[in-house]
Every structure is written in C-alpha cells, then in structure tokens.
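Inside the fold
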Amino acid sequence: MNTVEPSPSFSHERLRRLAQIERWHFWFAGRRALVEGWLAEYVPPAGQRVYDVGCGTGALLESLQRRDYWVAGSDLRAEGLQAVKQNLPAVRLVQADATQLPWQSESFDTVLLLDVLEHVNDCAALRELYRILQPGGRLILTVPALPWLWSYRDEAAGHLRRYTRRQLRAVLNESGFEVRQIRYYQFLLLPLVLATRWLGRRQPVWREVEDLPAPWLNWALTRVNLFEVRLGRWLAWPCGSSLAAVCQRRKAHT
C-alpha cells in the first residue's frame, strides 16, 4: 500500500465508531440498499471492474465481491484497510487520497464515491475519477445535503461542505460527467435528524443516540429507510439530509 498521511480531521476514534456501526446502523442500511439498487440497474456484474473510493472498513466491498464484480478499494487511513485485508484477502487495496489515485487512466468501469467528496477538493477528486474511468463509465456517489443542516456532526466528520442539488449537478457537469439520476435521500427521517441535531447542541448525550440507537429503534428506522428507497424509484423526494447521483463519464471532455 502507498504511504499517505491520513486527514487530521477524520480521527482514529471516528473510524473505530464507523467500523462498529456501518454493518447494522439504519443510515448505512438505507444507503447500501440505494447503491445496490443502482448497481443492479446500471452495472451488470460480468467482467465489470468496480472501485470503491473511501472504502472505510469494507462493508460494501463484501457485497460487491458476492455479486462477482472485480473489486478494488482505497482509503486514506491504513487502519481500515488492514481490517479489510484480513476479511477480504482477494480484494485489491491501496492507501490513497481521492485526488491522487495510483491507477492508470481508464482502469475502471464503475467508481463508487460514498460520502467522500465533502472531505476533499471536489473538483480535483472528480477530475481524477474522470481520468481512471473508461469512456462511458459510471460514477455512483453520495454526499451530505442541505448546507443549512451544518452541525457539530459535520465538524466531527471532517466535512468541508454540504451540497444542494444544483451545486452537486454543477460540479459534476464541470468535471465531464453526465448526470443520469440525482435524488435526495433520507427525506422521511429529516424531522428526526433536525430534532437530534438541535438536542445534540444542548446535551451531548443526544449525539450518542444518533450513532448508537437502541436495537428496537434502529430496526424501526431501518424499515423507514428501506421503504423510502423502494418508494424513491417512483417518487422524487423534495429534500433530504443526503444526495445521491448516478453519472456517466462523457467520451470527450472539453
């Protein structure tokens, strides 16, 4: 693995917490269902080379490998990659910054960029993803939405920004991508997000409730998120705490 300094804004403690919750937490369960639905729709598994940028501790890589994709992953922190290597020894892994990826041009058919763009220079990262994608290749990404929702959670996670739909579409178009779909996610739970962020500013104990909900509550919220993903195939939600997009690399970027 290449040696890259991890971002000081994304702590080891935050990585440990994500490793603890990403396989069962309601927020990750809904995002995973959304991304896997788009993969089934846009990315047939036979012979497809899929690259997960910012793969963390590898929860999505496991699913990709089960679907018979040729899979690679990268992350900025070595701790997460070491855990992935133990669980998924056949997956190609590199430690790398999203703006400087150690791959030849046009190496991949599909790139996943899930809640990474808000941590980096977005124009530089998207130019790099454009470079490593095949002409016509797909980019599936998610980002935090609604700049007015900025809170202590963004600061703890090392975010640089939250996006509006217009802002995300603009930076994707400027980087040579054609947006196929762009939608808000977590509309149904937005009132709960607003409530917990408001309470979390006043009593830190509420911050733990959002990260580590009681099992019964997590089960209920997971059902809400999965219902929203299914219904979102036919409904365009007016807003939500996240944005998700499917893009395609244009064959010529001018």
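Our structure's up above, just so we're on the same page.
What this report covers is the structure whose coordinates are included nearby. Model, not experiment: these values are computed from the prediction.

1. Focus on the nonpolar core
Ranked by internal contacts, the top residues of the largest apolar core, which has 39 residues, are Y51, L129, L139, L141, L168 and L172. Taken together, the elements giving at least two residues each to this core come down to β1 (49-53), β4 (108-114), α5 (122-132), β5 (133-144), α7 (165-174), β6 (177-185), α8 (190-202) and β7 (242-249). Once residues within four sequence positions are removed from consideration, L168 is found in contact with L117, L141, V143, Y163, I182, L243 and A245. Formed by 31 residues, the second largest nonpolar core is a distinct cluster that contains L34, V43, V50 and L61.

2. Remarks on the side chain of D52
Considering the arrangement of structural elements, one finds D52 in strand β1. For the buried D52, no salt bridge is present, and the opposite-charge side chain at shortest range is R31, 7.1 Å distant. Sequence-distant contacts of D52, defined by excluding residues within four places in its chain, comprise L60, L61, A72, G73, S74 and L112.

3. Some details on empty space enclosed by the protein
All told, the structure shown has 1 cavity of 30 Å³ or more when counted by the stated rule. L34, R183, Y184, Y185, E228, V229, G232 and W237 are the residues that line the largest cavity. For the lining of the largest cavity, the secondary-structure elements that each account for two or more residues are β6 and α10 (215-231). A total of 3 residues in the lining of the largest cavity trace back to one element, the largest contributor, which is β6.

4. Observations concerning the environment of A78
Within the element layout of this structure, A78 appears in helix α4 (residues 78-87). Measuring from C-alpha to C-alpha, the distance between A78 and G56 comes to 9.3 Å, with 22 residues separating the pair along the chain.

5. So, unusual backbone geometry
Although it is not a glycine, E106 adopts a positive phi angle of roughly 60°. Of note, E106 is situated in the loop between β3 (92-95) and β4. For E106, a relative accessible area of 35% gives the class partly exposed. The phi dihedral of Q186 falls on the positive side, at around 65°, and the residue is not glycine. By secondary structure assignment, the location of Q186 is in the loop between β6 and α8.

6. Some thoughts on the sheet that holds β6
Taken together, 7 strands build an open sheet; the order of strands is β3-β2-β1-β4-β5-β7-β6 and the sheet is mixed. This sheet does not close on itself; its edge strands, each paired only once, are β3 and β6. Across the sheet, the mean angle from the axis of one strand to that of its neighbour is 15°, orientation sign disregarded. Of the strand pairs in this sheet, strand β2 (residues 70-75) and β3 are connected by 4 bridges, and their pairing is parallel. Each residue of the ladder has a partner; that of A72, found in β3, is R92. Contacting β1, β4, β5, β6 and β7, α5 runs over the sheet at an angle of about 145° to β5.

Each value, and the rule that gives it
Residues numbered from 1 in each chain as written. Predicted model: local features only at pLDDT ≥ 70, side-chain atom pairs only at ≥ 80, totals over all residues. Heavy atoms only, no water. Core = buried A, V, L, I, M, F, W, Y, C linked by side-chain atoms within 4.5 Å. Buried < 20%, exposed > 50% of the residue type's maximum accessible area, 1.4 Å probe, protein only. Helix = DSSP H or I, 4+ residues; strand = E, 2+ residues; numbered from the N terminus. Contact = heavy atoms within 4.5 Å. Lys, Arg positive; Asp, Glu negative; His and termini not counted. Salt bridge = Lys/Arg side-chain N within 4 Å of Asp/Glu carboxyl O. 1 Å grid on protein atoms, 1.4 Å probe; cavity = no way out; pocket = protein on both sides within 12 Å on 5 of 7 lines; lining within 4 Å. Points joined across faces, edges and corners; volume = space filled by probe spheres on them. Pairing = 2+ DSSP bridges. Axes fitted to C-alpha atoms, helices over the stretch in contact; angles between N-to-C directions.

By themselves, these observations are geometric and do not establish any function.
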